[in-house]
Amino acid sequence: MVNVAVLGYGTVGSGVVEVLEGNNELIAGRIGEDIHVKYILDLRDFPGDPFEDKIVHDVNVIMEDPEVSVVCEVMGGVGAAFEFTKRALGAGKSVCTSNKELVAKHGAELLALAKANGCNYLFEASVGGGIPVIRPFVRSLTAEKIVRIAGILNGTTNYILTKMDREGADLEPVLKKAQEKGYAERNPEADVEGHDACRKIAILSSLMTGHRVDSESISTKGITQITSEDFAFARAAGYTIRLLGVTKLLEDERLSVMVAPFFVPVDHPLASVIDVFNAIMITGNMVGDTMYYGRGAGKLPTASAVVSDVVDAVMSEGKSVPGGWDEETVEVVPVEETKSRFFVRVSADSVDAFRQVFEDVEEVDASVEGQVGFVTGKILTKDLEEKTAALGNSVLGVIRVF
């Protein structure tokens, strides 16, 4: 029998217990061992809960119990979660987590600590919720040189953008609806400003390079400036708008990483990903594009991914599971030095001035009163910024083209 402890009995933590207990016979039949939840750590009591007898308030009970070999950290944050994870790994207990913030910030240190103590630090649930992406990335694509990752990594923003597109609505009323449905937090900043997607693309980029990609070095722009007019122009030009995390290996082998809204062609696979669903496209130099799709969040999808790591930890006892990165930090190319095509929306009375500044452009007519749109040729971001700055307030919006 394998004894497991769960740190945190919130949405994901209760889901982990539900999956482990509900699918216990199925899992045991597949791996040949029974997995038993021995402890659940939480500050609260849960009178009447079917697992209230497993609740403990003192983390030392877990850390000092030699029978506990796997810990599921689903607390979130980088305070107590970081300290408890270090203690568990230091004691030779494998840790499985959904904590994207902790993995992005301290992953290299925790991976090294796990290796030094003959256990594992696993984080399948930290990027795509219930989407299996980490394991295929480090195992199925191990023979590939990964040259690009592009993904819809946040279900809240994808839901909002889908509704804005289909209903012709602006962001605020759609965000309010997302909050009412429970898709967005009361404080939605981490989602709508792109921070959540940034942490996830940092993890994937670190796996891609084998070195630490600091999330704070990633240019991150959210969806708060996207309007219904942007969608009108996107439709007219054959695009939709998606918030993407994109990592690309440039021709000179430098790494470009960013999170931003993009015009995505309507016939591209990422354009068909709607509502709260996520999708991650990984491009290898030999295999080409591979895509991983599903629910990127939610109680049971995320919990299922955590439990898949528990199974991996049990089946890999005494050896390191493939995948990870070291503490050497990769230098990310400044976004100003990257090239892209851009959609630029301007006031109708500034078209002549715009054409004097931009030469290689395609005009987009969306029948939006007083506004005209243009799609540029490939241009350095810093040149685009200089040109739009010269046009001043006549520039109403700028979005990258994927």
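Residues numbered from 1 in each chain as written. Predicted model: local features only at pLDDT ≥ 70, side-chain atom pairs only at ≥ 80, totals over all residues. Heavy atoms only, no water.

### Observations regarding the nonpolar core
Thought 1: Ranked by internal contacts, the top residues of the largest apolar core, which has 84 residues, are Tyr121 and Ile160.
Thought 2: Apart from the residues lying within four places of it in its own chain, the contact partners of Ile160 are Leu171, Val174, Leu175, Ala178, Val192 and Ile223.
Thought 3: Judged by nonpolar contacts, the second largest core, of 32 residues, contains Leu20, Ile31, Ile40 and Cys72. (Core = buried A, V, L, I, M, F, W, Y, C linked by side-chain atoms within 4.5 Å. Buried < 20%, exposed > 50% of the residue type's maximum accessible area, 1.4 Å probe, protein only. Contact = heavy atoms within 4.5 Å.)

### Remarks on the pattern of salt bridges
Thought 1: In the structure shown here, the tally under the stated rule is 21 salt bridges.
Thought 2: Notably, a salt bridge pairs Arg199 with Glu101, separated by 3.9 Å at the nearest N-O pair. With Arg199 in helix α11 (residues 195-209) and Glu101 in helix α5 (residues 100-116), this pair connects stretches of sequence that are 98 residues apart.
Thought 3: Among the residues examined, Arg199 registers a relative accessible area of 24% and is labelled partly exposed.
Thought 4: For Glu101, a relative accessible area of 29% corresponds to the partly exposed category.
Thought 5: Between Arg135 and Asp312 there is a salt bridge, and its shortest N-O distance comes to 3.0 Å. Of this pair, Arg135 sits in helix α7 (residues 134-140) while Asp312 sits in helix α13 (residues 299-315); the two residues are 177 residues apart in sequence, bridging distant segments of the chain. (Salt bridge = Lys/Arg side-chain N within 4 Å of Asp/Glu carboxyl O. Helix = DSSP H or I, 4+ residues; strand = E, 2+ residues; numbered from the N terminus.)

### Topic: the side chain of Arg242
Thought 1: Here Arg242 lies in strand β10 (residues 239-249).
Thought 2: Buried and without a salt bridge, Arg242 has Asp165 as its closest oppositely charged side chain, separated by 4.9 Å.
Thought 3: The residues contacting Arg242, other than those within four sequence positions of it, are Ile152, Asn158, Leu161, Thr162, Ala260, Pro261, Phe262, Val264, Leu270, Ala271, Val273 and Ile274. (Lys, Arg positive; Asp, Glu negative; His and termini not counted.)

### Considering the environment of Val59
Thought 1: The residue Val59 is located in helix α3 (residues 59-63) in this model.
Thought 2: Overall, the relative accessible area of 10% leaves Val59 in the buried class.
Thought 3: Considered as a pair, Val59 and Leu41 are 18 residues apart in the sequence and their alpha carbons are 6.7 Å apart.
Thought 4: If near-sequence neighbours (up to four positions away) are discounted, Val59 is found in contact with Leu41, Phe84 and Arg87.

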